[in-house]
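Residue-level structural notes
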Amino acid sequence: MLEKRKIVLVGAGFVGMSFAYSLLNQGGINELVLIDEQKDKAEGEAMDLSHGISCAPSRINIKSGDYQECKDASIVVITAGLAQKPGQTRIDLAKTNAEIMKEITKKVVSAGFKGIFIIATNPVDIMTYVVAKVSGFPKNKIIGSGTVLDTARLRYILGEYLSVNSKNVHAYIMGEHGDSSFVPWTHCYIGCKKIVEVLEDRHQDLTVLDDIYRDVQQSAYEIINKKKATYYGIGLALTNIVKAIIGDENQILPVSTQLDGEYNHKGLYIGVPAVINSNGVREILKLRLTQKEQEQFDFSWNTLDNVIKETIDPLL
Ligand code: NAD
């Protein structure tokens, strides 16, 4: 199935096109099809991107199309829907975007799609749940972008703070891609040294970790206030997930995946570190959380659970 390396992108907006542009630059796929309810926009974006192919690392066939293109696709990436406006939380988008996810998922499945879904539309954990319910696909084939972007932001900000390459920051944000996320700091390493020990050796107060998390959590709001939307970071994060699947990489990424008893919870989709390969989610990493971290996880889970019970389940 993966031989074809065909990706269908539904939603040719800021996020979708940042992903497409990053994918074109990184190479590794054969075909990219853009679908959007604004057909002209999808067509124009496909033309614009195609004109850069001769400068890209490898040849990719790029075009706009309809849902029939999903039949033989390896991966369908969904970035369609409303984005946050200044002052809105991601949860505020739940009902409208759930209706959009329902419509898109039905069309993708009716076309005969057998591959892996990746969802980025917000609130992403809830939208991933909607796609899972409507498609009936096995849980390994349903992947939300989860806290991959939040984690990348954390690694960047921590790396800058400590003057260490962000690739050497081994830390994850877990839980909802939203205000209730948290960092299990006891599992955070700089290189192979615990962050707590790094800070102690520098005689630095550990409360700086709270400030760093707050900066990460607020960064989406700050960007939206300044430039109305965030898209380059998530574009790269989506490319990372796609490449982990296409390349059968067994890469550990904090995606939104369905829990089945891990972290004492079951049923919903939420950001946890998981091994990603050509089958999608191979397995979830079960960290031994401290009591405080488990309470933070429970709070995040309950936040999603409440919205799903009150707003989403009645729509499905
Ligand atoms: P955008 O408005 O630029 O693009 C959305 C696109 O979806 C538009 O082109 C629109 O025509 C299309 N669309 C809407 N309904 C559709 C339908 N039924 N079928 C097909 N296409 C449809 O918005 P954006 O900035 O690209 O954001 C897209 C989504 O990504 C938002 O929900 C946003 O909150 C989310 N997002 C997620 C993350 C993350 O980390 N997961 C980060 C940033 C943004």
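Residues numbered from 1 in each chain as written. Predicted model: local features only at pLDDT ≥ 70, side-chain atom pairs only at ≥ 80, totals over all residues. Heavy atoms only, no water.

Section: unusual backbone geometry
Note: most peptide bonds trans; most residues except glycine with negative phi. What counts, and what does not: Segments assigned H or I by DSSP are reported as helices when at least four residues long, segments assigned E as strands when at least two residues long, and all are numbered from the N terminus. Only protein chains enter the calculation, and the probe is 1.4 Å; a residue is then buried if its accessible area is under 20% of its type maximum, exposed if over 50%, and partly exposed in between.
Note the cis peptide between Asn 122 and Pro 123, where omega equals -5°. For Pro 123, the location among the structural elements is in the loop between strand S5 (116–119) and helix H4 (124–135). Its identity as a non-glycine residue notwithstanding, His 203 has a phi of 55°, on the positive side. Tracing the backbone through its elements, the reader meets His 203 in the loop between helix H6 (195–201) and helix H7 (208–227). By relative accessible area, His 203 is classed as exposed at 76%.

Topic: the site of the ligand
In plain terms, the rule: Being near a molecule or strand, for a residue, means having at least one of its heavy atoms within 4 Å of it. Polar contacts, as counted here, are pairs of nitrogen or oxygen atoms within 3.5 Å of one another; within protein the pair requires one atom able to donate a hydrogen and one able to accept it, and residues that are adjacent in sequence qualify only if both atoms are side-chain atoms. Using a 1.4 Å probe, the Shrake-Rupley method yields the accessible areas, and only the shown protein chains count as cover for residues. The classification used treats Ala, Val, Leu, Ile, Met, Phe, Trp, Tyr, Cys and Pro as nonpolar, Asp, Glu, Lys and Arg as charged, and all other residues, Gly among them, as polar. The split into domains, and so the bounds of each, comes from an automatic or database assignment of domains.
The ligand sits among 26 residues. The nearest are Val 15, Asp 36, Gln 38, Leu 82 and Ala 120. A distance of 2.9 Å separates a nitrogen atom of the ligand from a polar atom in the backbone of Ala 120. Contact with the protein chains hides 90% of the accessible area of the ligand, taken as 870 Å² for the molecule alone. Only helix H1 (14–26) and helix H3 (94–110) provide two or more residues apiece to the shell around the ligand. Here the shell around the ligand is composed, by residue class, of twelve nonpolar, eleven polar and three charged. Counting the residues that make up the shell around the ligand, at least three belong to each of domain 1 (6–144) and domain 2 (148–310).

Observations regarding the sheet that holds strand S9 (residues 193–194)
As a reminder of what qualifies: Whether two strands pair comes down to DSSP finding at least two bridges between them.
Taken together, three strands build an open sheet; the order of strands is S7-S8-S9 and the sheet is antiparallel. Both edges of this open sheet fall to strand S7 (169–170) and S9, since each of them pairs with a single strand only.

Re the packing of aromatic side chains
Two aromatic rings, taken as a pair, are described by how far apart their centres are and by the angle between their planes. How we decide: Each Phe, Tyr or Trp ring, with Trp reduced to its six-membered ring, pairs with another whose centre is within 6.5 Å; inter-plane angles below 30 degrees give stacked pairs, above 60 give edge-to-face pairs, and intermediate values give tilted ones.
Taken as a whole and assessed by the stated rule, the structure comprises seven aromatic pairs. Both rings, one in Phe 14 and one in Tyr 231, keep their centres 4.7 Å apart while their planes meet at 15°; by these two values the pair is stacked. Residue Phe 14 is found in helix H1, and its partner Tyr 231 is found in the loop between H7 and helix H8 (232–246); the two are separated by 217 residues along the sequence. When the ring of Phe 113 is compared with that of Phe 137, the centres are 5.9 Å apart and the planes differ by 20°; the resulting orientation is stacked. Separated by 24 residues along the polypeptide, Phe 113 in the loop between H3 and S5 and Phe 137 in the loop between H4 and strand S6 (142–144) bring together distant segments of the chain.

As for the side chain of Asn 122
What counts here: Contacts are assigned to residue pairs with any non-hydrogen atoms lying within 4.5 Å of each other.
Along the chain, Asn 122 turns up in the loop between S5 and H4. Classification of Asn 122 by relative accessible area gives buried; the value is 16%. If we ignore the near neighbours within four places in the chain, the residues touching Asn 122 are Gln 84, Arg 90, Leu 93, Asn 97, Met 127 and His 177.

Description of the pattern of salt bridges
Filter applied, for reference: Definition used for salt bridges: Asp or Glu carboxyl oxygen within 4 Å of a side-chain nitrogen of Lys or Arg.
Throughout the structure, instances matching the rule amount to 13 salt bridges. Lys 193 is the partner of Asp 201 in a salt bridge, and the nearest nitrogen-oxygen pair spans 2.5 Å. Relative accessible area serves as the criterion here: at 33%, Lys 193 is assigned to the partly exposed category. Residues participating in the shared-partner salt-bridge network are Lys 6, Glu 31, Lys 63, Glu 69 and Asp 72.

Regarding the domain arrangement of the protein chain
Selection rule: The term buried area denotes the loss of accessible surface (1.4 Å probe radius) that occurs when two parts are joined, taken as the sum for both partners.
Segmenting the protein chain into domains produces domain 1 (6–144) and domain 2 (148–310). The gap between the C-alpha centroids of domain 1 and domain 2 is 22 Å. Across the interface of domain 1 and domain 2, roughly 3300 Å² is buried in total on both sides, 68% from carbon and sulfur atoms. On the domain 1 side of the interface with domain 2, the three residues burying the most area are Arg 90, Asp 125 and Lys 139, jointly 21% of the side's total. Summed over the shared surface of domain 1 and domain 2, the result is zero salt bridges. Linking domain 1 to domain 2 there are eight residue pairs in polar contact (both at pLDDT 80 or more). Top element by residues in the side of domain 1 that touches domain 2 is H1. It accounts for seven residues. Residue classes in the side of domain 1 that touches domain 2 are distributed as 20 nonpolar, 14 polar and four charged.

A short note on the pairing of S5
What counts is decided by this rule: Crossovers are marked right-handed if the path from the first strand over the helix to the second runs clockwise, as seen with the strands pointing away from the viewer.
Alternating residues of S5 divide into Ile 116 and Ile 118 and Phe 117 and Ile 119, and every residue in both groups is buried. Bridge count between strand S4 (residues 75–78) and S5: four bridges; the pairing is parallel. Bridging from a neighbouring strand, Ile 75 pairs with Ile 116 of S5. For the crossover that starts at S4, traverses H3 and ends in the parallel S5, the hand is right-handed. Note that S5 and S6 share three bridges and pair parallel. Paired with Phe 117 across the strands is Ile 142, a residue of S6.

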